[in-house]
Amino acid sequence: MAELVVDDLTVEYHDAGQPVRPFDGLTFSARDGELVVVKAPSGGGKTTLLCVLAGLLSPAKGSVSFGSTVITGLSGRELLEHRRRTAGMVFQSFNLIASLSAVENVSAPLVLTGTPARTAKSRALAALEQVGLADRASFRPGRLSGGQQQRVAFARALVREPALLLADEPTAHLDSPNARTAVTLLREFVRPGRLVVVATHDDRFLEVADRLIDPSPARAA
Ligand SMILES: Nc1ncnc2c1ncn2[C@@H]1O[C@H](COP(=O)(O)OP(=O)(O)OP(=O)(O)O)[C@@H](O)[C@H]1O
Ligand SMILES: [Mg+2]
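Residues numbered from 1 in each chain as written. Chains lettered and ligands numbered in written order. Predicted model: local features only at pLDDT ≥ 70, side-chain atom pairs only at ≥ 80, totals over all residues. Heavy atoms only, no water.

*Asks:* How should I be thinking about the packing of aromatic side chains in this particular structure?
*Replies:* In this description, a pair of aromatic rings is defined by centroid distance and the angle of the planes. In total, this model carries 1 aromatic pair according to the counting rule given. A ring pair is formed by F154 and F189, whose centres lie 5.6 Å apart and whose planes are at 85 degrees; its orientation type is edge-to-face. With F154 in helix 5 (residues 146-158) and F189 in helix 6 (residues 176-189), this residue pair connects regions lying 35 residues apart in the sequence. The pair F154 / F189 is uniform in exposure class, with both members buried. Above the ring of F139, the side-chain terminus of R136 is found at 5.2 Å from the ring centroid. (Phe/Tyr/Trp six-rings, centres within 6.5 Å; stacked < 30°, edge-to-face > 60°. Helix = DSSP H or I, 4+ residues; strand = E, 2+ residues; numbered from the N terminus. Buried < 20%, exposed > 50% of the residue type's maximum accessible area, 1.4 Å probe, protein only. Lys NZ or Arg CZ within 6 Å of the ring centre and 35° of its normal.)

*Asks:* Any chance you could explain the sheet that holds strand 1 (residues 3-10) here in plain terms?
*Replies:* Strand pairs in the sheet, formed through backbone hydrogen bonds, run parallel or antiparallel to each other. Spatially, 4 strands are ordered 4-1-6-7 in an open sheet, and the strand pairing comes out antiparallel. The open sheet has two edge strands, strand 4 (26-31) and strand 7 (69-70), and neither has a second partner. Pairing geometry for strand 1 and strand 6 (residues 61-66), over 5 bridges, is antiparallel. Bridge pairing in strand 6 places T10 opposite K61. Those strands touched by helix 1 (residues 46-53) are strand 1, strand 4 and strand 6, and its axis lies near 125 degrees from that of strand 1. (Pairing = 2+ DSSP bridges. Contact = heavy atoms within 4.5 Å. Axes fitted to C-alpha atoms, helices over the stretch in contact; angles between N-to-C directions.)

*Asks:* Got a minute to help me understand the site of ligand 1 in this structure?
*Replies:* Taken together, Y13, P22, P41, S42, G43, G44, G45, K46, T47, T48 and E169 are the residues near ligand 1. Between K46 and ligand 1, the recorded distance is 2.7 Å, taken from a side-chain N or O atom to an oxygen atom. Between ligand 1 and T48 there is a distance of 2.5 Å, counted from an oxygen atom to a side-chain nitrogen or oxygen. Its free accessible area being 630 Å², ligand 1 has 62% of it covered by the protein chains. (Near = heavy atom within 4 Å. Polar contact = N/O pair within 3.5 Å; in protein donor to acceptor, adjacent residues only side chain to side chain. Areas by Shrake-Rupley, 256 points an atom, 1.4 Å probe, with all protein chains shown as cover.)

*Asks:* I tried to follow the pairing of strand 10 (residues 195-200) on my own but got confused; where do I start?
*Replies:* Put simply, side chains in a regular strand alternate between the two faces of the sheet. Of all 6 residues in strand 10, 6 are buried; the element is thus mostly enclosed. Because side chains alternate across strand 10, one face comprises the buried residues L195, V197 and A199, and the other comprises V196, V198 and T200, equally buried. As judged from the 5 bridges shared by strand 5 (residues 35-39) and strand 10, these two strands associate in the parallel manner. Directly across from K39, in strand 10, lies its bridge partner T200. Bridge count between strand 9 (residues 164-168) and strand 10: 5 bridges; the pairing is parallel. Each residue of the ladder has a partner; that of L166, found in strand 10, is V197. Note on the crossover from strand 9 through helix 6 to strand 10: the handedness is right-handed. (Right-handed = clockwise from strand over helix to strand, strands pointing away.)

*Asks:* Any chance you could explain empty space enclosed by the protein here in plain terms?
*Replies:* Where empty space is left becomes clear once a probe the size of a water molecule has been rolled over the atoms. Counted according to the given criterion, the structure contains 1 cavity of 30 Å³ or more. Put simply, the largest cavity is a space of about 40 Å³. What lines the largest cavity is G147, Q150, R151, L174, N178, T181, A182 and L185. Ranked by the residues each element gives to the lining of the largest cavity, the list is headed by helix 6, at 4 residues. Looking at the lining of the largest cavity, its residues break down into 3 nonpolar, 4 polar and 1 charged. (1 Å grid on protein atoms, 1.4 Å probe; cavity = no way out; pocket = protein on both sides within 12 Å on 5 of 7 lines; lining within 4 Å. Points joined across faces, edges and corners; volume = space filled by probe spheres on them. Nonpolar A, V, L, I, M, F, W, Y, C, P; charged D, E, K, R; others polar.)

*Asks:* Would you mind showing me how to read the side chain of S101 here?
*Replies:* Topologically, S101 is positioned in the loop between strand 8 (87-90) and helix 3 (102-112). By relative accessible area, which is 8% here, S101 ends up buried. Those residues in contact with S101, other than ones at most four positions away along the chain, are A137, S138, F139 and R140.

See the structure below:
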């Protein structure tokens, strides 16, 4: 079992010389096999928190550990390994590559880390199947709906089987039926050995959350 422990976490940005702290002294823990929902209004520090968990941003204070790894203590090769292998981030804007087909988008992270092309393709097809898009594998993002593009982005994160799956506002660009599909899919991605963290202000996630985190109250402290 891997435990996520966020302890006394503070991030500080500087805006025109003024310090901005989206959260200050944030503390919580969660376990693999759980769906954690980080719910806060716009500017409440959701993307910031996911970036720290992904190893993309260093805090001013505090620590984050996952299993035996202190994420906030990583550097160099170990940090790269965390970003590439342990954490899978699905960005709000999908960040798909327009000139590549769905299966090429999904296999890209595997190819880039040295997986042979044939293996990468079969794993990418399996990931697309998992999100219900096997029949769109050859389509480029421009020929897919917003909900389908979102599912390609999920598949791209899942293909490396991350132990920590991070999704930033996964329903922000989706209409209601597609948003419901995304909520259901994310719930299905939770399993022993995997922790899913969703940053959102969509109330639909409250029904499926195992744990609800609001980073903002500590901000006023
Ligand atoms: N690079 C930066 N430099 C300065 N301030 C920043 C930077 N990134 C974020 N902030 C500030 O930190 C706060 C939290 O931003 P963050 O993007 O984490 O919020 P959010 O909850 O994801 O918001 P949204 O729901 O709008 O995506 C905001 O006040 C924002 O202006
Ligand atoms: Mg955000």
